[in-house]
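A closer look at the structure
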Amino acid sequence: ASGVQVADEVCRIFYDMKVRKCSTPEEIKKRKKAVIFCLSADKKCIIVEEGKEILVGDVGVTITDPFKHFVGMLPEKDCRYALYDASFETKESRKEELMFFLWAPELAPLKSKMIYASSKDAIKKKFQGIKHECQANGPEDLNRACIAEKLGGSLIVGC
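Residues numbered from 1 in each chain as written. Predicted model: local features only at pLDDT ≥ 70, side-chain atom pairs only at ≥ 80, totals over all residues. Heavy atoms only, no water.

The protein has the name Destrin, actin depolymerizing factor in an unreviewed UniProt entry, where Saimiri boliviensis boliviensis is given as its organism. Recorded under Sequence similarities (unreviewed entry), the UniProt text for the protein is reproduced unchanged: "Belongs to the actin-binding proteins ADF family." (UniProt positions renumbered as here; feature names shortened; annotations may be inferred.)

Take a look at the structure:
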């Protein structure tokens, strides 16, 4: 472990995404579909990356394909952690599962890859109950079929 702390806001967002205790349509619109986390400038804390989120209410309004948009928000040359609320289909039904991603692209500096890899346990400890984890080293690792397979379904659906 790298001794990196996890900001309270990160834990709060995870809890809100996991619990899905939304009742009114307005609350549902404000629910987060995807959030990206990064290390603070001093590399001592995992924080929410400013402006890097997708709300359920954006889907179908400003964002047509949330998964594609999510992949597009990840930086080409640096690492990130992310949560994505994936909707997918199994033979029986349509399901939603929270996925945790470690994004470590080939072009990221080695030091960044090492810090993110060694700090992953710190953030995962805070994310109790996450069943699905994916390490991606490039956009090709983030295709719908691979993700759906990890989830045990056949297809990640658009919303």
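Next comes the rest of the description.
On to the state of the cysteines, then. Counted by the stated rule, this structure contains zero disulfides. Left without a disulfide partner, Cys45 is nearest to the cysteine sulfur of Cys11, which lies 9.3 Å away. Looking at the unpaired Cys79, the closest cysteine sulfur is the one in Cys38, lying at 11 Å. The buried category is assigned to Cys79, whose relative accessible area is 0%. (Disulfide = S-S within 2.5 Å. Buried < 20%, exposed > 50% of the residue type's maximum accessible area, 1.4 Å probe, protein only.)

Our focus in this paragraph is the packing of aromatic side chains. Within the structure shown, the criterion is met by nine aromatic pairs. Judged by centre distance (5.3 Å) and plane angle (80 degrees), the rings of Phe67 and Tyr84 are edge-to-face. Here Phe67, found in helix 3 (residues 66-73), pairs with Tyr84, found in strand 4 (residues 80-89); they are 17 residues apart in sequence, far enough to count as distant. With respect to burial, Phe67 and Tyr84 carry one shared label: buried. Each ring, one from Phe70 and one from Tyr84, has its centre 5.0 Å from the other, and the planes form 35 degrees; the classification is tilted. One end of the pair, Phe70, is in helix 3; the other, Tyr84, is in strand 4, and 14 residues separate them in sequence. Residue classification places Phe70 among the buried residues on the basis of a relative accessible area of 0%. Through a chain of ring-to-ring contacts, the aromatic side chains of Phe14, Phe37, Tyr81, Phe100, Tyr116 and Phe127 assemble into a single cluster. (Phe/Tyr/Trp six-rings, centres within 6.5 Å; stacked < 30°, edge-to-face > 60°. Helix = DSSP H or I, 4+ residues; strand = E, 2+ residues; numbered from the N terminus.)

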